[in-house]
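Geometric and topological summary
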Amino acid sequence: MNCSRYLMTTSLAGMLSVLGAGCGKDNPQGPTDGSTSDLSMPDAALAGAFVRVHYRLQGGGDTTLWGVHFFGAGASSPVWGMPQRFVNKDDFGAYTDVKVTATGDAPDAWLGLIPVLCNNGTCQKDVETSARFFDLAKSPATPNIAECWITQGQVIQITKPASSGPGYKIYRPKEFIDLGDGSVRLMFRVAPASTGTVGYGTDKAQLDQQVAWTTQDNLNKDGLIVKGLTPGTLIYYQINSTLNGMKDQSAVLDLTPISFSTVANAGDWASWGQKGVMYQLLVRTFADGGSPKVAADPDKDSGIDPATMDGVGDLVGLRMALPYLKGIGADAIWMTPVFKAKSYHGYDTTNFYDLDPAVGTKKDFADLSAEAHQQGIKIVLDLVENHVADVNPWFIKAMDPKDPEHAKYHEWFVWSDEYENMLTDKHPFDPTSVIWACKSYMCYHQIFGASIPELNFRNPEVRAEMKKISAFWLALGADGFRLDASKHIDQFDDNNSIPLSIHGTHVWWKEFNHYVKKEVPRDPMAAAVILAGENRWDDPAVYKNMVPYAGDMDSQFDFPFRTLLSNFVGGKSGDDVDFVKYIKTLKTDAANTGAGGNPNHFFERFLSNHDLDRPASQFSGAMPLDAVLKQAATIVLTVPGMPVIYYGEEFGKMGKRAKYVVTESYDHDEFIREPMSWLKNLSFAGDMKTSWNIDFLKTNSDNAALALGVGMCKAPNPDYPFIKFMTADDPNSWAAQKDDAGSLYKYYKKLVTLRKANPLFTDPGTELTMVQNTADVYEFRLGGVVAKNLSVVLSRKSMPQTISRGGMATDLITGKTATSFDIPPYGSLILQ
């Protein structure tokens, strides 16, 4: 039935009433079932305003099998899986008309469009885009119909595309990757099957050298390498391209290659990391030190008033909590982003040179760093180089052609062109998604969502800016950076399997590592700057993907190890739980310089973080849970690498991605990031429907006798004020466990003390040997040349068992010396 598309979003009763009324004359839509449209009404007679969406495929195919989902601009959105089909043929491909009511020049008048090919509710998506009736082409004969044109995988066009021939223009002529050795990899884009040359030289008027490409070269994938340049010397160049007699030429451009080398020597490496313990926290939910106040000079004045608490953690509170962190054995603090950002979590930066005013000023950061250093604790900032917020001034200028700095900042991001089929660009972790988003008739690269555009590291200005940012914070006292989404810096090189020596991601991190270690002025007594990468692959079977990053940065987070540990706690056996075999293999492979590795590289090993379910929730079905959590902590704190403790983990704090109420459309990360569990007795405020949050003022008052020294925090996201896993009587807290010798908290402190007292746990030369891997016991040995061997014995049984030795041994956990040891269910021994 031809009116069926209007029925997609109606209720059953509504559908019946519409069906009974029949189809109105104002419906120009065709059928959804593939049948032929019987629309005979002239376009000019259509009542109302319509956006006519033209669509054509690349590489052939039946356009009428495709349809469009739409939303906004007063349109009646179709139900997902039932798109409005392109049933009307034309010389472009096919089209359909979408009725809209928002037709004026208004910011919210956008009509969102997603071309799709659906089969039984499963849809193949093209890139989501949008258009406004006001902006589109209209015929004087049919002013109520505004037209736009979409070629599969390309940016929407608001004027009808020319059909005279293929594109031949040069795009992105200024982009290049500096290889650091007097070579550059030019990354301009040209028509496939074109030929051309790049003339270059030191004299702008005489480009006396040349490099060429042929029809067989895939420049849009490989780039064009120019060798033999002198670092620090200005080079001029000009691009000439030819396709079937059509020619294009760039302006005479310039670049200055720089020199950098791979940081390889052990003395330049942040080796202090593998001898220490990292503690991860969110400043907003860790410790409240006061309320924000206006600072006359943020460089010299604090932005926090300690007289009044606001329930939001800040840098002053964190500084006051340093004795706690020192007491648990933290050698470094990794704080999730504290820069100005669009969202509470900070991973969508709006200003890299300033702080979220809720956490303090640059003065507060400098004070924190200075006091942390006095206590032997280093500060690691979470630096999100890969992307920014869509409200970052850089991106706002990039999107606005009227802005005087548009030309500069537009080149700071990655835009599609007519040689792109955005539909076919592989998403790194979601095969159903595309890595482009479209807005204002431009499409930009994104991986984590349209609100987080990716920066363009093929632009030397972007690379220089990131160096400048790092130097700024190092000067204020930072000791290094956790590099968020570090493997995604040049996703296209990954998709195209570009060799490591010229791969944009790896070349950049080598350049950045060289800069922070060799070029940023540092106190001669300061420790080497640490770079810790988030290069995430969870599957141990693909662990080798991490190896090339071992030559780029000091360390990276070992997600496959966590998977093996989860398997272990979950009761699996054999290779699925053999983390010792995995660690030994990874160490050998990561030291292979021929594969991009470095023998000085080390791995951060952890149970959870701000993106992952907390172990107390993840393993909640395992009993006894306390023993399981202690055993998991034993593993992390006795294997090589740098252990990372996620705040509250030491108490068995609960938390996982979840819905607060079952009607919500998605799970919330906020529940992994609930406030630090300082106190046992908590008070709550709210009605559990519109808000259920920590009543921080009453909680602070009720617990004043504990003299905690900092204030209790509330839910991290002010726009989502719900607490799910914390309770009024919280046994998984500092106050509940601080005086309990058998608590998880005391066990963590003991393990950290043992780790620091025994070089075998932290010496990179320590050899691991798996002794037994059975259904009852997993045992591994740590051996070295300067210390006695240690054996870590892990019971895998739900019943007590006895472990016997051939001679006297001492359990470092209990201090008992004997030849046999009774080990409780899921218990652990560290035998010397």
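Structure: see above.
The structure contained in this document is the topic of the report that follows. (Residues numbered from 1 in each chain as written. Predicted model: local features only at pLDDT ≥ 70, side-chain atom pairs only at ≥ 80, totals over all residues. Heavy atoms only, no water.)

Here strand β31 (residues 602-606) lies mainly inside the structure; five of its five residues are buried. Residues Phe 602, Glu 604 and Phe 606 point to one face of β31 and Phe 603 and Arg 605 to the other, with burial holding for every one of them. One ladder, built from three bridges, connects strand β30 (residues 555-557) with β31; its direction is parallel. For Ser 555, the partnering residue across the bridge sits in β31 and is Phe 602. Pairing of β31 with strand β32 (residues 642-646) involves three bridges; the strand directions are parallel. (Buried < 20%, exposed > 50% of the residue type's maximum accessible area, 1.4 Å probe, protein only. Helix = DSSP H or I, 4+ residues; strand = E, 2+ residues; numbered from the N terminus. Pairing = 2+ DSSP bridges.)

Quick look at the nonpolar core now. Nonpolar side chains in soluble globular proteins tend to be buried together. Within the largest apolar cluster, 130 residues are counted, with the highest numbers of intra-cluster contacts made by Tyr 279, Phe 286, Leu 325, Phe 579 and Trp 678. Excluding anything up to four places from it in sequence, Trp 678 contacts Phe 286, Ala 287, Ala 321, Tyr 324, Leu 708, Val 710, Met 712, Ser 733, Trp 734 and Ala 735. Counting 35 residues, the second largest nonpolar core, distinct from the first, contains Leu 136, Leu 423, Tyr 441 and Cys 443. (Core = buried A, V, L, I, M, F, W, Y, C linked by side-chain atoms within 4.5 Å. Contact = heavy atoms within 4.5 Å.)

Inspection of the sheet shows strand β38 (residues 801-810) paired to strand β39 (residues 817-823) by six bridges, in the antiparallel sense. In the sheet register, Ala 809 faces β39, and the bridge partner there is Ala 818. Linkage of β38 to β39, two consecutive antiparallel strands, is achieved through a turn of six residues, within which Gly 815 is found at a positive phi near 85°.

Moving on to the state of the cysteines. Scanning the model with the defined rule gives two disulfides in all. The disulfide partner of Cys 438 is Cys 443, and the gap between their sulfur atoms is 2.0 Å. As the torsion about the S-S bond is roughly 100°, the Cys 438-Cys 443 disulfide counts as right-handed. Described in terms of the sequence order of its bonded cysteines, the disulfide pattern of the protein chain is 1-2, 3-4. (Disulfide = S-S within 2.5 Å.)

This part covers unusual backbone geometry. For Ala 193, which is not glycine, the phi dihedral falls at a positive 75°. Mapped onto the fold, Ala 193 is located in the loop between β12 (184-186) and β13 (195-201). Look at Ala 707: it is not a glycine, yet its phi comes out positive at around 50°. As for its position among the elements, Ala 707 is in the loop between α16 (696-702) and α17 (734-737).

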